[in-house]
Every structure is written in structure tokens, then in C-alpha cells.
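The lines below spell out each chain.
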Amino acid sequence: MKWFNSQSRLIQVILLLIPFVNWVVEIFVRVTAVVEKPTTGNILGVILAIIIPVWGWVDLIWVILFNHLCLAN
């Protein structure tokens, strides 16, 4: 999570814009967030990212609007 948040906004958007890269980055960021801080929001984020691959598109919009991933503060 820290790695993703330390990237520039443009890099974050590009990583979330490319379809397969989007899903891989989403899973990686969510799993590391659960390892660092196992909160309900982080666990729910991993489950949604694995089950619903288009969740990355939701996160893309969320990053553009609110500067962080959905369900991750």
C-alpha cells in the first residue's frame, strides 16, 4: 500500500488503467495492505479485488476523485 501511495498520481492512474496490470497491481497492493494492517476494509478490499476483477476500474475512478484506493485509507 505504501509503495502504491508513494507513486505519482499519473503512475497510479496508468497502473489502474491497463486491464491485466490493473488486476495484478490491485491484488498486490491489497494483499500487502492486509499483511501490514489487517482491518475489515483491507480484507474486504482483497476479497472484492479477487472476486470482481472490474473492481480495479472502481479503484481507478476512486483514485482520480479521492487520491486513495476504495476501502483503503
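Relevant structure appears above.
Bear in mind that the values here come from a model prediction, so they are computed numbers and not experimental data. (Residues numbered from 1 in each chain as written. Predicted model: local features only at pLDDT ≥ 70, side-chain atom pairs only at ≥ 80, totals over all residues. Heavy atoms only, no water.)

(A) Summary view of the environment of I50. By secondary structure assignment, the location of I50 is in helix 4 (residues 40–51). A relative accessible area of 47% means that I50 is categorised as partly exposed. When the C-alpha atoms of I50 and F20 are compared, they prove to be 13 Å apart, with 30 residues separating the residues in sequence. Setting aside its immediate chain neighbours within four residues, I50 contacts W23 and I27. (Helix = DSSP H or I, 4+ residues; strand = E, 2+ residues; numbered from the N terminus. Buried < 20%, exposed > 50% of the residue type's maximum accessible area, 1.4 Å probe, protein only. Contact = heavy atoms within 4.5 Å.)

(B) Quick look at the pattern of salt bridges. The final tally for this structure, using the stated rule, is two salt bridges. We note a salt bridge from R30 to D59, for which the minimum N-O separation is 2.7 Å. On the criterion of sequence distance, the pair formed by R30 in helix 3 (residues 19–36) and D59 in helix 5 (residues 55–66) is long-range, its members being 29 residues apart. A relative accessible area of 1% means that R30 is categorised as buried. (Salt bridge = Lys/Arg side-chain N within 4 Å of Asp/Glu carboxyl O.)

(C) Local environment of the nonpolar core. Formed by M1, F4, V13, L15, L16, V25, V29, A33, L60, V63, L69 and A72, the largest nonpolar core amounts to 12 residues. Put simply, the parts of the chain that give this core at least two residues each are helix 2 (9–17), helix 3 and helix 5. Not counting residues within four places of it along the chain, the set of residues in contact with V25 comprises F4 and L15. (Core = buried A, V, L, I, M, F, W, Y, C linked by side-chain atoms within 4.5 Å.)

(D) Geometry of the packing of aromatic side chains. Inspection of every chain in the model, using the stated rule, returns two aromatic pairs. Ring centres of W3 and F28 lie 6.4 Å apart, and the angle between their planes is 80°; on these two criteria the pair is classed as edge-to-face. Of this pair, W3 sits in helix 1 (residues 2–6) while F28 is found in helix 3, placing the two residues 25 residues apart along the sequence. Each ring, one from W62 and one from F66, has its centre 4.7 Å from the other, and the planes form 50°; the classification is tilted. One end of the pair, W62, and the other, F66, are both in helix 5, four residues apart, so they sit about a helical turn from each other. You can call F66 partly exposed: its relative accessible area is 45%. (Phe/Tyr/Trp six-rings, centres within 6.5 Å; stacked < 30°, edge-to-face > 60°.)

(E) Seen up close, helix 3. Helix length check: helix 3, at 18 residues, gives a terminal C-alpha distance of 26 Å against a target of 26 Å (1.5 Å per residue), a fit within 8%. In the core, the buried residues of helix 3 are packed alongside helix 1, helix 2, helix 4 and helix 5. (Expected span 1.5 Å × (residues − 1).)

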